[in-house]
Amino acid sequence: MQEINIPTHIAFIMDGNGRWAKRRLMPRKYGHKMGVEALKRVIAACDKLGVKEVSFYALSTENWSRPKDEIDALLGMIKKFADEEMKDYVDKNYRVRFMGELHRLPEETQKALKSIAAAAMNNTGIVVNIGINYGGRDEIARAAARVAERNLPVTAENIDAYLDTAGMHDPDIIVRCAGEKRLSNFMLWQSAYSEFVFVDDFWPDFGEETVLRIIREYSGRERRFGGLK
């Protein structure tokens, strides 16, 4: 039996909620609702398997061009998720972080996200990092601006220290689902030496078995980080 190498950090580009719902003759917002349930299953599975950090792409800086009713539904679910999961996350010892510029979100959504992050700040378990109003290029530009404001040398180390993920490990695996095979502006800096795993499953179908399949594929790869072996 293949030995399983548990990664430290897995990052997920969640996709396919709308197509999943359409195949079931349901509205797109139902797909997003089921996507939130998949998010909870995946976090629980990664925690159970010993993964230390997980990141998710929930809302990109480009998603604002989608129909207003869909964006409103997404923002409502994000707030509902933060409100309802706060106590559970604290009890489960999860730590919560967010990537992106939250100040563009509605004030009540911002408050809900800040509340769950503050409540879980001193936890010591798995890190749950969620990108909301996030774009990889924007994150790099913001980090570079902070370095310049402080008159620091523009080095990879200094930029890394001012990214939204400062203090986290770079992802060992970037997972893209729903048959898509692109980064879509997600964690561009952090993914320099990540392994990419592409799966056909739509995000609402994700669960522990999907996570295990991804880790098994990762375990069969040899990582070189630019060197020769």
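Below or above, wherever it landed, is the structure these notes cover. (Residues numbered from 1 in each chain as written. Predicted model: local features only at pLDDT ≥ 70, side-chain atom pairs only at ≥ 80, totals over all residues. Heavy atoms only, no water.)

**What about the overall build of the chain?**
In terms of regular secondary structure, the chain is built from 7 helices and 6 strands. Scanning the chain from its N terminus toward the C terminus, one meets helices and strands in the order β-α-α-β-α-β-α-β-α-α-β-β-α. Rg of the C-alpha trace for the chain: 17 Å, near the compact-globule value of 17 Å for 229 residues, within the 12% margin. Its C-alpha atoms give the chain principal-axis dimensions of roughly 50 × 50 × 35 Å. For the chain, the proportion of its 229 residues judged to be buried stands at 48%. Pairs at least 24 apart in sequence give 77% of the contacts found in the chain among residues at least 6 apart. (Helix = DSSP H or I, 4+ residues; strand = E, 2+ residues; numbered from the N terminus. Rg over C-alpha atoms; globule rule 2.2 N^0.38 Å. Buried < 20%, exposed > 50% of the residue type's maximum accessible area, 1.4 Å probe, protein only. Contact = heavy atoms within 4.5 Å.)

**Focus on the environment of Ile159**
Structurally, Ile159 can be placed in helix 6 (residues 156-161). Setting aside residues up to four positions removed in sequence, Ile159 forms contacts with Ala143, Val147, Val154 and Trp189.

**Focus on the sheet that holds strand 5 (residues 173-176)**
Strand order in the open sheet formed by 6 strands is 3-4-2-1-5-6, with parallel pairing between adjacent strands. If you trace the sheet from one side to the other, it starts and ends with strand 3 (95-99) and strand 6 (195-198), each paired once. Strand-to-strand, the axes of this sheet are offset by a mean angle of 20°, without reference to chain direction. Taken together, the 5 bridges between strand 3 and strand 4 (residues 127-134) define a ladder with parallel strand orientation. By the bridge assignment, Val96 is partnered in strand 4 with Val128. Lying over the sheet, helix 4 (residues 107-119) contacts strand 3 and strand 4, oriented at roughly 140° with respect to strand 3. (Pairing = 2+ DSSP bridges. Axes fitted to C-alpha atoms, helices over the stretch in contact; angles between N-to-C directions.)

**Here's the deal with the packing of aromatic side chains**
Summed over the entire model, instances satisfying the criterion amount to 12 aromatic pairs. On the numbers, 4.9 Å between centres and 75° between planes, the contact of Tyr89 with Tyr94 is edge-to-face. The two residues Tyr89 and Tyr94 agree in class, both being buried. The structure contains a cluster of three or more aromatic residues connected by ring pairs, namely Phe12, Phe56, Trp203 and Phe206. (Phe/Tyr/Trp six-rings, centres within 6.5 Å; stacked < 30°, edge-to-face > 60°.)

**A closer look at the pairing of strand 4**
Of all 8 residues that make up strand 4, 8 are buried, and the element is covered over most of its length. Here strand 2 (residues 53-60) pairs with strand 4 via 7 bridges, running parallel. What sits directly across from Tyr57, in strand 4, is Gly131. Once you follow strand 3 into helix 4 and on to strand 4, the crossover reads as left-handed. (Right-handed = clockwise from strand over helix to strand, strands pointing away.)

**Focus on the packing of helix 2 (residues 28-49) against helix 3 (residues 68-91)**
Interaxial distance between helix 2 and helix 3 falls to 10 Å at its minimum, and their mutual angle equals 30°. Taken together, the axes of helix 2 and helix 3 lie roughly parallel to each other. The chirality of how helix 2 crosses helix 3 is right-handed. When helix 2 is examined against helix 3, the residues Arg28, Lys29, His32, Lys33, Val36, Leu39, Lys40 and Ile43 are found in contact with a partner set consisting of Glu70, Ala73, Leu74, Met77, Phe81, Glu85 and Tyr89. Of the residues in the contact of helix 2 with helix 3, the class split is 8 nonpolar, 1 polar and 6 charged. (Parallel < 35°, antiparallel > 145°, perpendicular 65-115°, else oblique. Left-handed = near helix turned anticlockwise from the far one by under 90°. Nonpolar A, V, L, I, M, F, W, Y, C, P; charged D, E, K, R; others polar.)

**A short note on the nonpolar core**
Most often, soluble globular proteins have nonpolar side chains that are buried together. Counting residues in hydrophobic clusters, the biggest one holds 44 residues, and the most contacted among them are Phe12, Cys46, Phe56, Val128, Ile132, Trp203 and Phe206. Looking at this core, the element that brings in the most residues is helix 3, giving 7 residues. Each residue touching Trp203, except ones within four places of it in the same chain, is listed here: Phe12, Met14, Asp15, Asn17, Gly35, Ala38, Leu39, Val42, Phe56 and Cys177. Core analysis: the second largest hydrophobic core is formed by 8 residues, Ala11, Tyr134, Ile174 and Phe186 among them. (Core = buried A, V, L, I, M, F, W, Y, C linked by side-chain atoms within 4.5 Å.)

**With respect to helix 2**
The terminal C-alpha atoms of helix 2 lie 31 Å apart, and with 22 residues this matches the ideal 32 Å at 1.5 Å per residue to within 8%. Buried within helix 2 are the following residues: Gly31, His32, Met34, Gly35, Ala38, Leu39, Val42, Ile43, Ala45 and Cys46. Against the buried residues of helix 2 lie strand 1 (9-13), helix 1 (17-23), strand 2, helix 3, strand 4 and helix 7 (208-219). Taken from the residues just after helix 2, Gly50 is the one with a positive phi, measuring 100°. (Expected span 1.5 Å × (residues − 1).)

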